[in-house]
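As a plain string of letters, each chain reads:
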Amino acid sequence: MRILVDQTGHSRFRSLGPTVAAVPAAEALRAGVGAIIGLAVAGGLAILAAPELWLGIYLIAPFGATSVLIFAAPNSPLAQPWPAIVGNTLSALVALLVCRLAGDPVIAVPLSVGAAIMAMALCRATHPPGGAVAMTVAIGADKIAPLGLGFAFMPVAAGTALLVAIAFVYAHATGRRYPFRRFGEVNPSGTTDPAPPERLGLTEDELAGILVRYNQALNLGVEDLARLIAAAEMQAASHRIQPQTAGDIMSTDLVTVDPAMPLLDIAALFSRHGFTSLPVVGPEGRYLGVIFQLHLIARAHARFRPDGRLSRAGSDLRAADVMGDRLPTARPDTPIAALLPHLASSGTDAVPVLEDGRIAGIVTRTDLIAALARESLRDR
């Protein structure tokens, strides 16, 4: 009995702790710096637009809450441009109307926040900082109400829109995505087909229904749900694969190129061997990068003249100019299950296998497909 009580108490104690995954220090720094930049600009606008300094300062609180979402949780449905701008603006409008009917802050504050929540929900614009906007209006009604309904548009709507614009630029400058992905948008290949690992056979309505059924519509977007389901399926598939490593299936008789090899010679190697990738190595087999056919074509295209002949600048291209050097790599003892996500995504046709910085082999999509086919035949 005591053990049961201790376990129950321990479980309850753990439930009070963090429930989200650990955030890398670099991501925390990225979000914090973005909020500093966004608030410095938007706060300055609020102060300049407000008739009195205190009003601009009060608006920093709702803007600060918005910044937490759009900079630290840019994939949240609550952080997207529509709920951010419409939610804050609608909350200010509702609170201004409530304050005209109820002058006592004790009554106006809860009514404003509650009405703002209902209005945002009905307009599919739920944005938690909107509650702070409504409360700010209700608390400072004696000085905000005389400004009229225009206060909701300037500085509230304008300030929020500016924050959203800064978040958009900052996210793309720091390698993030904001606003979040939309279901069925154009993929990296320029078509509307989902990426190969994300072809679930589920429609947008079915995915949205799952979110509604489990009350997660405010926490996750349809496209992100599709990506999570696909990642879970990929991980589950890896559990069904017999233990094999990259060293078991990699190609070891490699055709490699020197970083100084001219573009025309590289193209000739691709044509002669029929490969889709060529590793670039330096002295003593030191791995430097990989050249993929698609990357070669994309980077060399701009160097050709209108008549189709290679320009003088194009003829000077070398392997080092077109290779990718920030690609996933593996070790000989890396499980092939760990290679699945890399080789299933577009843009990566092969994963180099390294030992002490030197290339020992390469695992291509063909190698992986052959290994999976053998596994399938073995299970029959």
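Structural data are supplied above this passage.
All values derive from a computational prediction rather than experimental measurement. (Residues numbered from 1 in each chain as written. Predicted model: local features only at pLDDT ≥ 70, side-chain atom pairs only at ≥ 80, totals over all residues. Heavy atoms only, no water.)

Caption draft 1: How the structure looks around the overall build of the protein. On a plain count of helices and strands, the protein comes out with 17 helices and four strands. Here the protein holds 380 residues, and the buried ones make up 38% of them. Looking at the protein alone, contacts between residues at least 24 apart form 65% of all its contacts between residues at least 6 apart. Summed over all atoms, the accessible surface of the protein reaches about 21,400 Å², with 62% contributed by carbon and sulfur. (Helix = DSSP H or I, 4+ residues; strand = E, 2+ residues; numbered from the N terminus. Buried < 20%, exposed > 50% of the residue type's maximum accessible area, 1.4 Å probe, protein only. Contact = heavy atoms within 4.5 Å. Areas by Shrake-Rupley, 256 points an atom, 1.4 Å probe, with all protein chains shown as cover.)

Caption draft 2: Representation of the environment of Thr174 in the model. Looking at where Thr174 falls in the secondary structure, it is placed in the loop between helix H8 (153-173) and helix H9 (204-213). For Thr174, a relative accessible area of 32% puts it in the partly exposed group. Residues Thr174 and Glu27, 147 residues apart in the sequence, show an inter-C-alpha distance of 9.8 Å. A polar side-chain atom of Thr174 sits 3.4 Å from a polar atom in the side chain of Arg30. (Polar contact = N/O pair within 3.5 Å; in protein donor to acceptor, adjacent residues only side chain to side chain.)

Caption draft 3: Molecular detail of the side chain of Thr364. Residue placement: Thr364 occurs in strand E4 (residues 358-364). When its relative accessible area of 18% is taken as the criterion, Thr364 is described as buried. Leaving out residues up to four positions away in the same chain, Thr364 has contacts with Leu343, Asp349 and Ala350.

Caption draft 4: Broad picture of the pairing of E4. Judged by how many residues are buried, E4 sits mostly within the fold: five of seven residues are covered. Note: strand E3 (residues 350-355) against E4, six bridges, orientation antiparallel. Looking across to E4, one finds that Val353 is bridged to Gly361. The hairpin formed by E3 and E4 contains two residues between the paired strands, and Asp356 there has a positive phi angle of roughly 55°. (Pairing = 2+ DSSP bridges.)

Caption draft 5: View of the nonpolar core. Ala92, Cys99, Val137, Phe151 and Val156 are the most contacted members of the largest nonpolar core, which totals 19 residues. Those elements that place two or more of their residues in this core are helix H4 (81-101), helix H5 (105-122), helix H6 (129-139) and helix H7 (141-144). Element by element, the count of residues in this core is highest for H4, at five residues. If we ignore the near neighbours within four places in the chain, the residues touching Ala92 are Val133, Val137, Ala152 and Val156. (Core = buried A, V, L, I, M, F, W, Y, C linked by side-chain atoms within 4.5 Å.)

Caption draft 6: Seen up close, unusual backbone geometry. In this model, Met154 is joined to Pro155 through a cis peptide bond whose omega is 25°. Mapped onto the secondary structure, Pro155 falls in helix H8. Along the chain, Tyr178 connects to Pro179 via a cis peptide bond; the corresponding omega equals -5°. Residue placement: Pro179 occurs in the loop between H8 and H9.

Purely geometric numbers; function is a separate question.
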